[in-house]
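Residue-level structure breakdown
Each chain, letter by letter, is given below.
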Amino acid sequence: MASRVFATAIRTAARASIARPALARPMVAAVSRVAAKPIVASQVRGMKTLNFGGTEETVYERADVPKDKLLETFKNDTIAVLGYGPQGRGQALNLRDNGVNVIIGQREGKTYQQAIDEGWVPGKNLFPVLDAVEKGTVVMNLLSDAFQTEIWPQMKPLLTPGKTLYFSHGFSIVYKDQTKIEVPEGVDVILVAPKGSGFTVRRLFQEGRGINSSFAVYKDASGHAKERTVALGIGIGSGYMYETTFEKEVYSDLFGERGVLMGAIQGLFQAQYEVLRANGHSPSEAFNETVEEATQSLYPLIGERGMDWMYSNCSTTAMRGALDWWKPFHDASKPVFEQLYQSVRDGSETARSLDRNSRPDYREKLEEELKEIRESEIWRTGKTVRQLRPENAGQN
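Residues numbered from 1 in each chain as written. Predicted model: local features only at pLDDT ≥ 70, side-chain atom pairs only at ≥ 80, totals over all residues. Heavy atoms only, no water.

All right, on to the sheet that holds strand β10 (residues 238-243) then. With mixed pairing, the 10 strands of this open sheet are ordered in space as β1-β2-β10-β9-β8-β7-β6-β3-β4-β5. The sheet terminates laterally at β1 (48-52) and β5 (126-127), the two strands that pair on one side only. As paired elements, strand β9 (residues 211-219) and β10 share five bridges and run parallel to each other. Pairing of I211 across the sheet is with S238, part of β10. Along the sheet, helix α11 (residues 225-235) makes contact with β2 (55-61), β3 (79-82), β6 (138-141), β7 (164-167), β8 (188-194), β9 and β10, crossing β9 at roughly 155 degrees. (Pairing = 2+ DSSP bridges. Helix = DSSP H or I, 4+ residues; strand = E, 2+ residues; numbered from the N terminus. Contact = heavy atoms within 4.5 Å. Axes fitted to C-alpha atoms, helices over the stretch in contact; angles between N-to-C directions.)

This part takes up the pattern of salt bridges. In the structure shown here, the tally under the stated rule is 16 salt bridges. In this structure, K176 engages E182 in a salt bridge whose closest nitrogen and oxygen atoms are separated by 4.0 Å. Among the ionic pairs, K219 bridges to E185, the shortest N-O distance being 3.9 Å. Highlighted residues: K219 in strand β9 and E185 in the loop between α9 (176-179) and β8, separated in sequence by 34 residues. What makes E185 exposed here is its relative accessible area of 65%. Among the ionic contacts, a cluster of salt bridges with common partners joins E257, R258, E349 and R352. (Salt bridge = Lys/Arg side-chain N within 4 Å of Asp/Glu carboxyl O. Buried < 20%, exposed > 50% of the residue type's maximum accessible area, 1.4 Å probe, protein only.)

What follows deals with helix α13 (residues 263-278). One turn of an α-helix holds 3.6 residues; hence residues three or four places apart share an orientation. When the terminal C-alpha atoms of α13 are compared, their 23 Å separation across 16 residues agrees well with the 22 Å that a helix rising 1.5 Å per residue should span. When α13 is considered as a whole, its buried residues turn out to be F269, Q270, Y273 and L276. Down the axis of α13, the buried side of the element spans an arc of 135 degrees, and every buried residue falls inside it. Turned more than 90 degrees away from the buried face of α13 sit V275 and A278, all of them exposed. Trailing α13 by a residue or two, G280 shows a phi angle of about 90 degrees, which is positive. (Expected span 1.5 Å × (residues − 1). Arc of directions from axis to C-beta.)

The next subject is the confidence of the model for the chain. Atomic detail in the predicted coordinates should be set aside for any region of low pLDDT. When pLDDT is averaged along the chain, the result is 88; 88% of the residues meet or exceed 70. Confidence over residues 2-44 falls short of pLDDT 50; this stretch has 38 contacts with residues more than four positions distant or in other chains. (pLDDT = per-residue confidence, 0-100.)

Right, let's talk about the side chain of T78 for a bit. Along the chain, the position of T78 falls in the loop between α3 (67-73) and β3. Owing to a relative accessible area of 18%, T78 belongs among the buried residues under this scheme. Excluding anything up to four places from it in sequence, T78 contacts N101, I103, K135, G136, T137 and V138.

Written out as structure tokens, the structure is:
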């Protein structure tokens, strides 16, 4: 079906461009893969109130914080990024490229060496974690949730009045009964949460694009916390930002990761693949009809213009089947999602995460679980299928 989808999409887009040259959907034109020269819309728009499915929301875009304003906002600051993991690395490099004064706080080891390889200099802008906390005026706490809890007793005395404590996840603050993280007085507490991995934060920035992010202010001791939060969000590479709360951010984030974004999608892929294999389909056919067509052909269409756009660019047979079956899948899965949300809200997910990720052998245990997925037939098949993509010819 993938070839039909692609061909139909091209034909539909071509007809639309001929029939409606002045089509009043600039947002679509800006992101469509069909457009020859996509417009980076966030470069030319600013703060505005938009209608999201019937609800008015205010969004902030890159134009709200041009580079000179960003540098002026933080001209007297030292931004200390704690942790050079995926988020720490992406955000720190983007801030550095934007001209902001950034230092890194990182334990020695493999990641510490990566920081050195990418231009951070020990004793100049690369320090042990607590040294960076002491030197920083804006402390971006991007350590793992478990390590944030572990190091907090040593960190807290270094967060003196006038400093800003920044998070990219509301976990430590919202579940403070478990993490024991109580912020001292006189400190701004803010959040910018990119809606994607640190790798994506960096890649989109390098491409001149930007990732969507939420932001929140938990404590405004300075009276300027919101303004500085929006500026930091643009500085780390956000394309547009919407306001939330620490609580709503952590609930939606934990829920989404365990749901459609990561956990549920693996479960659905695995279940469909297993049914196809049990009914005599080859690994190649089962993988293509489960994963490859989804990720390479259909999901990009959803990203461009939505689910109905993807449906309308498939055959009528495919559309009929999808329209008949989405509601049974909805009805079957919604109770699981409701159970998951309650598990997030009551702190059960937090307790499990802190317990498992605080154990001395947590990295080894995580690797065992990842290995189980990696070495399953579906993903071993996927490795072979990816090698057969024309753009991967000759690569291992």
